[in-house]
Each structure stands twice: as structure tokens, then as C-alpha cells.
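Coordinates in review
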Amino acid sequence: MSALQRSLSRIPWAYVIRRLLFAIPTLLVIIAVAFFMMRLAPGGPFDGERKLNAATEAAIKAKFGLDQPLWKQFTDYLLGVLQGDFGPSMKTLGKSVNDLIADGLPVSLAVGSLAMLVALTVGTALGVFAGLRQNTAGDYTVMGIAMAGISIPTFVTGPILILTLALGAGLFAVGGLGEYPNIGMSLHNMTLPVLTLALPQIAIISRLMRASTIETMRSPHVRTARAKGLAERTVIMRHVLPSAVLPLVSYAGPAMARVMTGSLVIERIFGLPGMGSYFVDGAINRDYTLVMGALIIYATLIVIFNLIADILYALLDPKVKYD
């Protein structure tokens, strides 16, 4: 049996199917709670400093179905979502929520996925390095940098990187996606947002991996492997890392969903039209459909990445069983 076949045989397929089936009512509950909470909160998408006349307000509400009973509004919205239609934006004229998500989600996914890739690679390497050298100068240095990375917020590191690497050294773009006709995501304009978003994740992951590595190094199976005379490199690669990485798998699932659905701070600092900006603007403007669309995307990614994390658990640790 090949390594791929052995890995596939260890995937808990029955558990995966149950989780996917359970995800459907979970998402329905999330949609229902968010829908009714937004509708029952004071104010609305068309409330402003200047009061609309009764006829205009009635016409607008009729256009968006806000004159219908709440149960009818929810039923119509849910039917639309099941068909992949998140409805029209109530504040961005001529744009549907699908259009806004199609514009913003690729930017957030690109920045978030690259940031998590950098964070997982660098953070894991630093954490293992520090864990294998506990209470040494290297350990203290890595943990000191990690504490700084956690303590300094992104709205501070972002401008610092712009001042030094963009305005100072001229290596990268200050922000935005370029100017017509050269609009798009490139190394020139994506490096600083990715780095700014990755830095706190690197700090968290390195601390997590350090603690997990130290704990794993003291476990009986590692002591047994060393007693058998295995080379230190073999002990680390075959016995320490597969166990030490398990807590990281638990953290990475929700973190990836959170990072990949957009960061308001990063997108505002670097002028990126991502999902984070759309979500906050929609919440401020009471754009019901836009907020609901962003929330559904986020909840779906949470379900998917948590499921992937559970599958990775089963692949990395044969002792993990799902009934």
C-alpha cells in the first residue's frame, strides 16, 4: 500500500460526512440569528440626518422587500442564498452583494493566504528553533521578538514599514493595487500588507510551537527513540515535529478563516479593496445584505478550515480516533 493510500485510509470519512451534514443546520442557525438581530436593532439602512418623505421611504422599502413581514423577508432571503444570490446592496447603487464579494474576496484571500503561509513557515521554524534551545540566548531572542510582535499592533507596524521600505527605501508600493492599466496584485504592492498581517501571526505561532516542542521533547516516545540510538535529526523529524505540530493545527484553522476574510486595519492602511473594508462599511451603513453576505462567507470558511484541521489531526496522529 502506497503512502497516499495509507493516508487516505486514515481519514475518518464517516466523521467528515457527519460534520458536513451538521454544518448545514449550523449555517442556517447563524443566518437566522444574524438576520433577525440586524432587523430588530434600532435604525435602518435608509435612516439619515435628513428624513425621507413618506412616499419615497415606502417606495424604497418596497423595492428591497422591507415592507414585508419579517418571516417573509427571511424566507425570501434564505431562498436566494440557497441559489447563491446574496441580494442587492442596499447602499451601493447598481451593485449586488455578489458583485462586491467578487471584488473584495480575491484581494482578502490573496493577502490572507500569503500572510498565513509566511506565518506558518517562519513561525514554525522559529518556534522549533527556540524549543530545541530552551533557556539559551537563541530561545530568549526568539521569544523577545515574539513578544514584541504580539504587543505592537498592526496599525503601528504598517506605517513603520511604509516609512522605511516604501517611502524610505522605495522597494515597495505605499498602498493600493496600482494604477490603470497596471492594476492588480503583484510583489510590489502586496509585500507590505502581507508582511504586516503575518507579523503578529508569526509571533503567536512561534510561541505556540516553542511550548509544544518543549513538551514533546519530554514525552516518553521521544526518550525511547533516543534510547534506541536514533540520530537527533531523525528523532526531531520523525517523532518530535509530528506531535508538536498538533496544537498549531488547532490554532491554524480558525486563524486562517479570520485572516483570509479580510483585515480592516490592513486594508485601510494600504488602501486595499478587500472584504474587511466592505464588512465594516456595511455594518456602519446598516447595509443588511452586505453584512449578511460577508458573515456567511466567514462562517463557511470557519466550518471548512475546522474540518480540514480535524482531518490533519487524524493524518498526523494515528492515536486520534473519531467515533
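Residues numbered from 1 in each chain as written. Predicted model: local features only at pLDDT ≥ 70, side-chain atom pairs only at ≥ 80, totals over all residues. Heavy atoms only, no water.

1. Quick look at the overall build of the protein
Within the protein, the secondary structure is distributed over 14 helices and zero strands. Mapped in sequence order, the helices and strands of the protein form the string α-α-α-α-α-α-α-α-α-α-α-α-α-α. For the protein, restricting intrachain contacts to residue pairs at least 6 apart in sequence, the fraction spanning at least 24 positions comes to 73%. (Helix = DSSP H or I, 4+ residues; strand = E, 2+ residues; numbered from the N terminus. Contact = heavy atoms within 4.5 Å.)

2. As for the side chain of S108
Locating S108 in the fold gives a position in helix α5 (residues 97-132). From its side chain, S108 meets the backbone nitrogen of M275 in a polar contact 2.8 Å long. (Polar contact = N/O pair within 3.5 Å; in protein donor to acceptor, adjacent residues only side chain to side chain.)

3. A word on unusual backbone geometry
Backbone geometry places N135, a non-glycine residue, at a positive phi of 65°. You can see N135 is positioned in the loop between α5 and α6 (137-151). The phi angle at R286 is positive, at roughly 60°, despite the residue not being glycine. With respect to the helices and strands, the residue R286 is situated in the loop between α13 (275-284) and α14 (288-316).

4. A short note on the nonpolar core
Within the largest apolar cluster, 30 residues are counted, with the highest numbers of intra-cluster contacts made by I31, Y77, F86, I101 and M292. Those elements that place two or more of their residues in this core are α2 (13-40), α4 (70-82), α5, α11 (246-260) and α14. Broken down by element, the residue count for this core peaks at ten residues, all from α14. Not counting chain neighbours up to four residues away, the residues in contact with I31 comprise F74, Y77, L78, V81, M292 and I296. Within the second largest apolar cluster, 26 residues are counted, among which are I162, A166, M209 and V245. (Core = buried A, V, L, I, M, F, W, Y, C linked by side-chain atoms within 4.5 Å. Buried < 20%, exposed > 50% of the residue type's maximum accessible area, 1.4 Å probe, protein only.)

5. Some remarks on the packing of aromatic side chains
Scanning all chains against the criterion turns up four aromatic pairs. Relative to F74, the ring of F36 has its centre 5.2 Å away and its plane inclined at 40°; by these criteria the two rings are tilted. Linking F36 in helix α2 with F74 in helix α4, this pair joins segments that are 38 residues apart in sequence. Classification of F36 as partly exposed rests on a relative accessible area of 28%. Judged by its relative accessible area of 15%, F74 is buried. (Phe/Tyr/Trp six-rings, centres within 6.5 Å; stacked < 30°, edge-to-face > 60°.)

6. Observations concerning helix α8 (residues 187-217)
Counted at 1.5 Å a residue, the expected span for α8 with its 31 residues is 45 Å, but the 39 Å between its end C-alpha atoms falls short. Roughly 30° is the biggest bend found in α8, and it falls at A198, with proline P200 one to four residues downstream. (Expected span 1.5 Å × (residues − 1). Bend = angle between axes of the 7 residues up to and from the residue.)

7. Re helix α10 (residues 232-244)
A rise of 1.5 Å per residue sets the reference length of α10, with its 13 residues, at 18 Å; its end C-alpha atoms lie only 16 Å apart and thus fall more than 12% short of the reference. Of all the positions in α10, only V235, I236, V240 and A244 are classed as buried. On its buried side, α10 packs onto α5, α8, α9 (220-227) and α11.

8. Quick word on a nonpolar patch on the surface
Among the surface-exposed residues, I152, F155, V156, I160 and V265 lie close enough to one another that they form a single nonpolar patch of about 400 Å² accessible area. The leading source of residues in the nonpolar patch is helix α7 (residues 154-168), at three residues. On the secondary structure map, I160 appears in helix α7. Taking relative accessible area as the criterion, I160 reaches 44% and is therefore assigned partly exposed. (Patch = residues over 30% accessible without salt bridge, like charges linked within 9 Å, V, L, I, M, F, W, Y side chains within 5 Å. Areas by Shrake-Rupley, 256 points an atom, 1.4 Å probe, with all protein chains shown as cover. Salt bridge = Lys/Arg side-chain N within 4 Å of Asp/Glu carboxyl O.)

9. A short note on the pattern of salt bridges
Within the structure shown, the criterion is met by five salt bridges. Between R210 and D139 there is a salt bridge, with its nearest N and O atoms 2.7 Å apart. Of this pair, R210 sits in helix α8 while D139 sits in helix α6; the two residues are 71 residues apart in sequence, bridging distant segments of the chain. Of the two residues examined, R210 and D139, each falls in the buried class. Here D281 ties to R268 by a salt bridge, and the two come within 2.6 Å at their closest N and O atoms.

10. Focus: the confidence of the model for the protein
Interpretation of the predicted coordinates at a detailed level should be avoided for regions scoring low in pLDDT. On average, residues of the protein score 83 in pLDDT, and 90% of them are at 70 or above. Per-element confidence in the protein is highest for α8, whose mean pLDDT is 91, and lowest for helix α1 (residues 3-10), whose mean pLDDT is 62. (pLDDT = per-residue confidence, 0-100.)

11. Here's the deal with the environment of L301
Considering the arrangement of structural elements, one finds L301 in helix α14. Filtering out sequence-adjacent residues up to four positions away, L301 remains in contact with A257 and T261.

12. Quick look at the packing of α5 against α13
Here α5 crosses α13 at 130°, and the two axes come no closer than 7 Å. When the axes of α5 and α13 are compared, the pair comes out oblique. Seen from α5, the contacting residues are L100, I101, D103, G104, L105 and S108; seen from α13, they are M275, G276 and Y278. Here the residues of the contact of α5 with α13 are counted per class, giving five nonpolar, three polar and one charged. (Axes fitted to C-alpha atoms, helices over the stretch in contact; angles between N-to-C directions. Parallel < 35°, antiparallel > 145°, perpendicular 65-115°, else oblique. Nonpolar A, V, L, I, M, F, W, Y, C, P; charged D, E, K, R; others polar.)

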